[in-house]
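Structure assessment
In case you want the letters, here they are:
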Amino acid sequence: MKRDLVSLADWSAEEIWGILELAAHLKREQRAGARHDHLLRGKTLAMIFQKPSLRTRVSFEVGMWQLGGYALYLGPEDIKLGKRESVEDVALNLSRYVDGIMARVFGHEVVEELARFATVPVINGLSDLLHPCQALADMLTIWEKKRRLEGLILAFIGDGNNVANSLIEACAKLGLHFRIACPEGHEPNPRIVEEARAQGAQVAILRDPKEAAKNADILYTDVWTSMGQEAEAEIRRKKFQGYTVDMDLLSLAKPDCLVMHCLPAHYGEEITYEAARSKNSVIFDQAENRLHAQKAVLAILLR
Ligand code: CP
Ligand code: NVA
């Protein structure tokens, strides 16, 4: 039976730990000079992008290459997913050529449909609802820096978006406490919050960034306007005034608090350049860990 990574909700805590442990192992060995190009030798990954990307594209492509496989970039203009051809037919065709599909899409139902019809594993490389690969890389980063995950307080400042939703799912599985400070109308997905709470997770929805930042182990933020919401950028810029991770906000958190951002960043909006370059910031470790975490996912799913 093939397995997909559409949402972390479909993976158990033990399986997620399995990914993190394999990722840490591959990273450690690679740093010591080892190669892993036997793991996916001769395997191919199709990468469908309906939206732009730096990290996702490069980390998946380089990751496949380092594992001995090949990755094929299919940009928005290449296959015109759902326009030139139905999502179902794209999934059925690609399944005859490649060993796995990674997709970055607008509607979450598109990646769900790809997974339903493809006979090879499908990995969600970001949808409007979720960004599971980001959350895996983030958990790896936090684990590396803090040597534990359970009981840590992750405070998310800003929009309850795809990144926030996947972090809630990851926190619920791995035992971190999640808090978000967001303006009214920008809460994370209510079903995801409810499911996390039903698993016994602590998820707090607050308005005041200072209240959220207090004693936090991690201060996390992301852009106020996500890809696809560009028409709302001006309204959002006004609505999110005050929801900036800066040195003042950081001073309310624990002294060893990690400053995190999935990137790309809009400096001066959701985060100041100073906070992003402070000694607390791990934003480029997060970016690097996309590679290691996804190599583990690929090795598990495509082997
Ligand atoms: N964090 C992230 O997914 O970056 P890209 O949009 O550049 O892939
Ligand atoms: N929330 C952002 C994340 C980008 C990696 C977006 O969807 O544009």
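Above this note sits the structure.
Notes on the structure in this doc start here. By convention here, each chain's residues receive numbers from 1 onward along its written sequence. For naming, the first written chain is A and the first written ligand is 1, with later ones following in the order written. For a predicted model such as this one, the threshold for reporting local features is a pLDDT of at least 70, and the threshold for listing and counting side-chain atom pairs is 80 or more; totals across whole chains, interfaces and linings nevertheless cover every residue. As a rule here, side-chain values come from all non-hydrogen atoms in the structure, and water together with hydrogens is ignored.

**Let's talk about the site of ligand 1**
The full set of residues close to ligand 1 is Ser-53, Leu-54, Arg-55, Thr-56, Arg-104, His-131, Gln-134, Cys-262, Leu-263 and Arg-290. Each polar contact in these results corresponds to two N or O atoms within 3.5 Å; when the atoms are within protein, one needs to be able to donate a hydrogen and the other to accept it, and residues that are neighboring in sequence are counted only if both atoms are side-chain atoms. Contacts to ligand 1 include Arg-55, whose side-chain N or O atom sits 2.8 Å from an oxygen atom. For ligand 1, an oxygen atom lies 2.8 Å from a polar atom in the side chain of Arg-104. A 1.4 Å probe and the Shrake-Rupley method give the accessible areas. Residues count as covered only by the protein chains that appear here. Against a free-state accessible area of 260 Å², the protein chains account for coverage of 96% of ligand 1. More than half of the atoms of ligand 1 fall within 2 Å of the grid points belonging to the largest pocket. Across the shell around ligand 1, the residue classes break down as three nonpolar, four polar and three charged. Note on terminology: near, applied to a residue and a molecule or strand, indicates that one of the residue's heavy atoms is within 4 Å of it. Of the two site types, the cavity is a set of points on a 1 Å grid over the protein atoms alone where a 1.4 Å probe fits but cannot get out, and the pocket is an open set with protein on both sides within 12 Å along at least five of seven lines, each lined by residues with an atom within 4 Å of a point. Think of it this way: a molecule belongs to a cavity or pocket when more than half its atoms come within 2 Å of the grid points there. Under the scheme applied here, ten amino acids are nonpolar (Ala, Val, Leu, Ile, Met, Phe, Trp, Tyr, Cys and Pro), four are charged (Asp, Glu, Lys and Arg), and all others, including Gly, are polar.

**Here's the deal with the site of ligand 2**
Neighbouring residues of ligand 2: Leu-126, Asn-161, Asn-162, Val-163, Asp-222, Val-223, Ser-226, Met-227 and Leu-263. At 2.7 Å, a side-chain N or O of Ser-226 approaches a nitrogen atom of ligand 2. Between Met-227 and ligand 2, the recorded distance is 2.8 Å, taken from a backbone N or O atom to an oxygen atom. Contact with the protein chains hides 95% of the accessible area of ligand 2, taken as 270 Å² for the molecule alone. Taken atom by atom, the bulk of ligand 2 overlaps the largest pocket. Per-class residue counts for the shell around ligand 2 are five nonpolar, three polar and one charged.

**Considerations on the pattern of salt bridges**
Salt bridge, as used here, is a side-chain nitrogen of Lys or Arg placed within 4 Å of a carboxyl oxygen of Asp or Glu. A complete count under the given rule lists 18 salt bridges for this structure. Glu-195 is paired through a salt bridge with Arg-191; the nearest N and O atoms lie 3.5 Å apart. Of the two residues, Glu-195 and Arg-191 are both situated in helix α8 (residues 190-198); the distance of four residues between them amounts to about one turn of the helix. Residue exposure (1.4 Å probe, protein chains only): buried if accessible area is under 20% of the type maximum, exposed if over 50%, otherwise partly exposed. For Glu-195, a relative accessible area of 37% corresponds to the partly exposed category. Each member of the salt-bridge network shares a partner with another, and the members are Arg-35, Asp-37 and Arg-41. A run of DSSP states H or I qualifies as a helix once it reaches four residues; a run of E qualifies as a strand once it reaches two. Both are numbered from the N-terminal end.

**Some remarks on the packing of helix α2 (residues 55-66) against helix α13 (residues 283-302)**
Axis definition: a line fitted to C-alpha atoms, over the contacting stretch in the case of helices. Angles run 0 to 180 degrees between N-to-C directions. Packing of α2 against α13 leaves a shortest axis separation of 9 Å and a crossing angle of 50°. Viewed along their axes, α2 and α13 adopt a mutual orientation that is oblique. Between α2 and α13 lies a crossing whose hand is right-handed. Mapping the contact onto sequence places Arg-55, Thr-56, Ser-59, Phe-60, Val-62, Gly-63, Met-64 and Gln-66 in α2 and Ala-287, Arg-290, Leu-291, Gln-294, Lys-295, Leu-298 and Leu-302 in α13. Classifying every residue of the contact of α2 with α13 by side-chain character gives seven nonpolar, five polar and three charged. Note on angle classes: values under 35 degrees are labelled roughly parallel, values over 145 roughly antiparallel, values of 65 to 115 roughly perpendicular, and the remainder oblique. With the far helix as reference, a near helix turned anticlockwise by less than a right angle produces a left-handed crossing, and one turned clockwise produces a right-handed crossing. A contact between two residues is defined here by any heavy atoms of the two lying within 4.5 Å.

**Some remarks on the sheet that holds strand β8 (residues 218-221)**
We call two strands paired when DSSP finds no fewer than two bridges between them. If you trace the five strands from one edge of the open sheet to the other, you get β7-β6-β5-β8-β9, paired in parallel fashion. Strands with a single pairing partner mark the edges of an open sheet, and in this sheet they are β7 (203-206) and β9 (258-261). For this sheet, the mean inter-axis angle between neighbouring strands, taken without regard to orientation, is 20°. Where helix α6 (residues 132-146) meets the sheet, its contacts fall on β5 (153-157), β8 and β9, and the angle it forms with β9 comes to roughly 165°. Where helix α7 (residues 162-174) meets the sheet, it contacts β5, β6 (177-181), β7 and β8, and its direction lies at approximately 170° from that of β5.

**With respect to the nonpolar core**
Here is a general trend for soluble globular proteins: nonpolar side chains tend to be buried in one another's company. Grouped together as the largest cluster of nonpolar side chains are 65 residues, with contacts concentrated most on Met-139, Ile-142, Leu-154 and Phe-178. By size, the runner-up hydrophobic cluster in this structure holds 24 residues, among which are Ile-153, Ala-213, Leu-249 and Ala-275. Residue types Ala, Val, Leu, Ile, Met, Phe, Trp, Tyr and Cys, when buried and joined through side-chain atoms within 4.5 Å, form a set referred to as a nonpolar core.

**Structural notes on empty space enclosed by the protein**
Grid points are joined across faces, edges and corners, and a volume is the space filled by probe spheres set on the points. For the structure shown, the criterion picks out one cavity of 30 Å³ or more. The space that makes up the largest cavity amounts to roughly 50 Å³. Lining the largest cavity are Ala-9, Ile-168, Glu-169, Ala-172, Lys-173, Ile-192, Glu-195, Ala-196 and Gln-199. For the lining of the largest cavity, the secondary-structure elements that each account for two or more residues are α7 and α8. Sorting elements by how many residues they give to the lining of the largest cavity places α7 first, with four residues. A per-class count over the lining of the largest cavity returns five nonpolar, one polar and three charged.

**Considerations on the layout of surface pockets**
Quantified by volume, the largest pocket comes out at close to 440 Å³. Looking at the largest pocket, it is lined by 27 residues, and the ones nearest its centre are Val-223, Thr-225, Ser-226, Met-227 and Pro-264. When residues of the lining of the largest pocket are traced back to their parent elements, those giving at least two are α2, α7 and α10 (233-239). The residue inventory of the lining of the largest pocket, partitioned by class, reads 11 nonpolar, eight polar and eight charged.

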